[in-house]
Amino acid sequence: MLSPRAKRLLIVGGLIGAAIPAIAAATQESLLPPGFGDPKSQPPVENKAEPGPTPTPVVPPGFDPPSNASQPVRPLAPEDTEDSALRDLEALPPPPPARFYDLPAGEARPTDVVGVIDPASRGLPADAFGAASGAYLGSLMAQLDAPLPSRWVSITLRRALISRVQAPRLADPVDFVAERVRLLTRMGEADAARMLAQSVDIVNYTPAMVRAAYEAALAASDPAGLCPLVEKGRQLSDDAVWPMSEAMCAAMAGEPARATTLLDEARRRGATGVDLMLAEKVVGAGGDTRRSVSIRWEEVTELSPWRFGLASGTGAEIPDRLLGIAGPRMQSWFARAPMVPVAQRLAAAEIAAALGIFSAQSLVDAHALALDHAETDNTAESVAGRLQQAFGATDMGERLSVMRALWDEPADDRIRRYGRLLLTSNAAARIPASDDNSGELDMLVAALLAAGMDREAAAWSAMADGEAGSLAWALLAVGAPQPGVGIDEGRIEDWGALQSANASQRTAMLAAALAGLGRIEPQAAQGLGVAVQRENGWTQALDRAAAARQPGTVALLAGVGMQTGDWAGVPPDHLFRVLRALRQVGLDFEARMIAAEALTRI
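An account of the accompanying structure is given in this report.

Cut-offs and rules
Residues numbered from 1 in each chain as written. Predicted model: local features only at pLDDT ≥ 70, side-chain atom pairs only at ≥ 80, totals over all residues. Heavy atoms only, no water. Helix = DSSP H or I, 4+ residues; strand = E, 2+ residues; numbered from the N terminus. Buried < 20%, exposed > 50% of the residue type's maximum accessible area, 1.4 Å probe, protein only. Areas by Shrake-Rupley, 256 points an atom, 1.4 Å probe, with all protein chains shown as cover. Disulfide = S-S within 2.5 Å. Patch = residues over 30% accessible without salt bridge, like charges linked within 9 Å, V, L, I, M, F, W, Y side chains within 5 Å. Salt bridge = Lys/Arg side-chain N within 4 Å of Asp/Glu carboxyl O. Lys, Arg positive; Asp, Glu negative; His and termini not counted. Charge placed at Lys NZ, Arg CZ, Asp CG, Glu CD. Phe/Tyr/Trp six-rings, centres within 6.5 Å; stacked < 30°, edge-to-face > 60°. Axes fitted to C-alpha atoms, helices over the stretch in contact; angles between N-to-C directions. Parallel < 35°, antiparallel > 145°, perpendicular 65-115°, else oblique. Contact = heavy atoms within 4.5 Å. Nonpolar A, V, L, I, M, F, W, Y, C, P; charged D, E, K, R; others polar. Left-handed = near helix turned anticlockwise from the far one by under 90°.

**Concerning the overall build of the protein chain**
Here comes step 1: Helices and strands together make up the secondary structure of the protein chain, namely 30 helices and two strands.
Here comes step 2: For the protein chain, the proportion of its 602 residues judged to be buried stands at 58%.
Here comes step 3: Summed over all atoms, the accessible surface of the protein chain reaches about 23,200 Å², with 50% contributed by carbon and sulfur.

Given below as structure tokens:
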């Protein structure tokens with residue numbers, strides 16, 4: 001069953017038809033947005049995106065901030081394949097801070113090219129979105145339902161969003177940045193969203209940019225990040241969040257009396273309950289107000305971004321029942337909240353790793369930090385204690401046994417189980433590739449490819465080639481830089497038949513991956529159940545972007561084609577189309593890692 005998350009996404013720019021026919025089996029719901037399903041309604045494929053109408057403002061005057069926030073360069077060494085926003089960005093000098101003060105005329109940074117990374121830092125080129133219109137791109141970004149089921153599609157999309165790219169035509173350049181920031185926030189990328197928002201000077205903020213920066217600051221657990229937004233926010237809205245925000249900023253500036261007056265104003269505007277309590281807690285922490293506030297969560301049924309940002313920003317304990325229903329997006333925000341003790345963030349960190357927000361090394365570091373801060377010496381059975389054994393035990397059999405226990409532990413949580421592969425990937429890289437150590441061949445190769453260590457994984461090819469039908473064989477057939485295992489139709493069918501369930505789906509996904517990577521012919525994949533000839537608005541848009549060599553647009557459309565709760569809902573022909581388009585625009589490494597992830601997680 002597909003998630004209802006993937007039901008709506010409108011695009012503009014002449015690509016939209018009038019209706020969606022079913023694109024999968026009769027029992028399967030389409031992942032595509034309205035208008036992407038009818039090839040007869042589409043214009044001919046061209047090398048440029050069709051022009052769209054003049055866009056309407058993203059945020060009308062007087063908006064109320066919502067309570068719910070809705071590298072083409074191949075790494076040169078295994079350690080360079082780490083792939084979280086933190087690992088992408090921590091090696092770079094920080095961008096100049098947003099200039100939250102009045103600037104002389106003409107001194108603000110330009111807004112026509114905005115981003116954090118460039119091709120020298122594994123970003124996409126400035127023309128990554130080519131001639132696609134801003135109305136078209138902005139609509140895709142605004143309506144894309146994130147987080148996505150694929151770690152590696154998310155990683156690729158993040159790089160496109162934070163790259164220094166040119167503002168497209170038919171869009172306000174700052175509004176285009178705002179859509180990028182908001183999508184990053186919905187993906188769980190709090191740090192990347194905040195860094196991108198700070199790449200635009202406040203003097204240039206539009207209403208849409210104020211809204212985007214507001215959401216990013218809360219996701220980043222940064223109440224102080226609201227302060228530069230207050231003046232413009234109060235001009236745009238009478239909502240009580242703005243006097244509450246101004247009160248917090250006054251307290252942090254050492255003006256407790258003014259903070260108290262502003263809180264009284266917020267009450268008159270309707271601020272009550274836990275939202276007001278949290279603002280009072282920030283005020284109490286920020287100045288000599290003699291306020292001691294206890295947060296009462298008993299009647300709270302929803303963890304909004306406001307509640308999350310202020311609670312995590314002050315270290316207030318958030319009830320597990322609220323975090324448990326918050327979803328992977330907010331779990332990812334929580335994983336990097338600096339005021340929350342790291343021991344409380346470990347489960348969320350595994351989710352963030354599975355979504356592509358934390359790297360494997362970042363995840364190991366979080367567990368190591370928790371071990372350092374443990375209040376007991378009996379840590380041998382903790383996750384970090386066992387991970388130490390997986391790295392350091394002299395007996396390889398003992399290492400593998402410990403790793404197996406770590407892999408199996410989150411038995412009923414598919415996202416965290418994939419996170420455990422990432423947690424153990426560096427330990428897996430220390431296991432010599434030999435027949436003596438091949439007892440956990442499938443999981444070792446899966447862990448290595450989850451973290452992008454394709455060369456280390458390829459070292460196991462000789463062992464995997466003798467295990468036709470195994471997961472390791474299938475993963476190396478798609479994930480190795482060059483196939484080191486035999487590939488033929490019989491082996492593909494054997495792999496599907498040897499799996500415990502959904503044999504035809506698994507066979508089709510492997511065939512789709514191999515065809516998308518150019519390792520078998522599309523006709524062969526069609527014979528194995530992949531609808532490689534199916535066309536609709538989405539496939540034509542993807543073909544158009546790939547033909548025009550627009551890696552940014554391809555990355556965005558790859559996300560459009562994967563709007564579902566997990567990999568089980570991704571049709572094989574979508575995987576085929578995404579991988580083929582990524583290869584056409586020079587993202588071969590990312591395509592191979594997506595293929596390996598698909599086979600690991602279905």
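Next comes the rest of the description.
**Quick notes on the state of the cysteines**
Here comes step 1: Evaluated as defined, the whole model comprises one disulfide.
Here comes step 2: Paired through a disulfide, Cys-227 and Cys-249 show a sulfur-sulfur distance of 2.1 Å. With the S-S bond torsion at -105 degrees, the cross-link from Cys-227 to Cys-249 turns out left-handed. Of this pair, Cys-227 sits in the loop between helix H6 (207–219) and helix H7 (230–236) while Cys-249 is found in helix H8 (residues 241–252), placing the two residues 22 residues apart along the sequence.

**Overview of a negative patch on the surface**
Here comes step 1: A surface patch of negative charge is lined by Asp-488, Glu-489, Glu-493 and Asp-494.
Here comes step 2: With respect to the helices, strands and loops of the structure, Asp-494 is situated in helix H24 (residues 489–498).
Here comes step 3: Residue classification places Asp-494 among the partly exposed residues on the basis of a relative accessible area of 41%.

**A word on the packing of aromatic side chains**
Here comes step 1: Counted according to the given criterion, the structure contains four aromatic pairs.
Here comes step 2: Centre to centre, the rings of Trp-152 and Phe-589 are 5.7 Å apart; their planes meet at 85 degrees, and the pair counts as edge-to-face. Of the two residues, Trp-152 sits in helix H3 (residues 151–162) while Phe-589 sits in helix H30 (residues 588–601), which places them 437 residues apart along the sequence. Both residues of the pair, Trp-152 and Phe-589, belong to the buried class.
Here comes step 3: Relative to Trp-333, the ring of Phe-308 lies with its centre 5.6 Å away and its plane at 55 degrees, an arrangement referred to as tilted. Of this pair, Phe-308 sits in helix H11 (residues 305–314) while Trp-333 sits in helix H13 (residues 327–335), and the two are 25 residues apart along the sequence.

**What about the packing of H6 against H11?**
Here comes step 1: Where H6 contacts H11, the axes come no closer than 7 Å and their chain directions differ by 45 degrees. By the angle between their axes, H6 is oblique relative to H11. From H6, Tyr-214, Leu-218 and Ala-219 reach across to H11, where they touch Pro-305, Trp-306, Phe-308, Gly-309 and Leu-310.
Here comes step 2: Looking at side-chain class alone, the contact of H6 with H11 contains seven nonpolar, one polar and no charged residues.

**Overview of the pattern of salt bridges**
Here comes step 1: The full count for this structure, using the stated rule, is 30 salt bridges.
Here comes step 2: Taking the shortest distance from any N to any O, the salt bridge between Glu-189 and Arg-158 comes out at 3.0 Å. Here Glu-189, found in the loop between helix H4 (173–186) and helix H5 (190–197), pairs with Arg-158, found in helix H3; they are 31 residues apart in sequence, far enough to count as distant.
Here comes step 3: Overlapping salt bridges, with partners in common, bring together Arg-234, Glu-246, Glu-255, Arg-258, Glu-265 and Arg-269 in one network.

**Remarks on the environment of Ser-461**
Here comes step 1: In this structure, Ser-461 sits in helix H22 (residues 461–465).
Here comes step 2: Along the backbone, Ser-461 and Pro-483 are 22 residues apart, and their C-alpha atoms lie at a distance of 8.5 Å.
Here comes step 3: Sequence-distant contacts of Ser-461, defined by excluding residues within four places in its chain, comprise Leu-476, Gly-484 and Val-485.

**Here's the deal with helix H2 (residues 134–143)**
Here comes step 1: With respect to burial, H2 is a largely interior element, eight of its 10 residues being buried.
Here comes step 2: Within H2, the full set of buried residues consists of Gly-134, Ala-135, Tyr-136, Leu-137, Gly-138, Ser-139, Leu-140 and Met-141.
Here comes step 3: Against H3, H4, helix H27 (537–547) and helix H28 (551–560) lie the buried residues of H2.

**Some points on the packing of H27 against helix H29 (residues 572–584)**
Here comes step 1: Their axes nearest at 9 Å, the elements H27 and H29 cross at an angle of 15 degrees. Considered as vectors, H27 and H29 are oriented roughly parallel to each other. The handedness of the crossing between H27 and H29 is left-handed. Here Trp-538, Thr-539, Leu-542, Asp-543 and Ala-546 of H27 come into contact with H29, specifically with His-574, Arg-577, Val-578, Arg-580, Ala-581 and Gln-584.

**Regarding the environment of Ala-216**
Here comes step 1: Take Ala-216: it is sitting in helix H6.
Here comes step 2: The exposure class of Ala-216 is buried, given its relative accessible area of 1%.
Here comes step 3: Expressed as a C-alpha distance, the spacing of Ala-216 and Leu-184, which sit 32 residues apart in the sequence, is 8.5 Å.
Here comes step 4: What Ala-216 contacts, discounting residues up to four positions off in sequence, is Val-181, Thr-185, Ala-193 and Arg-194.

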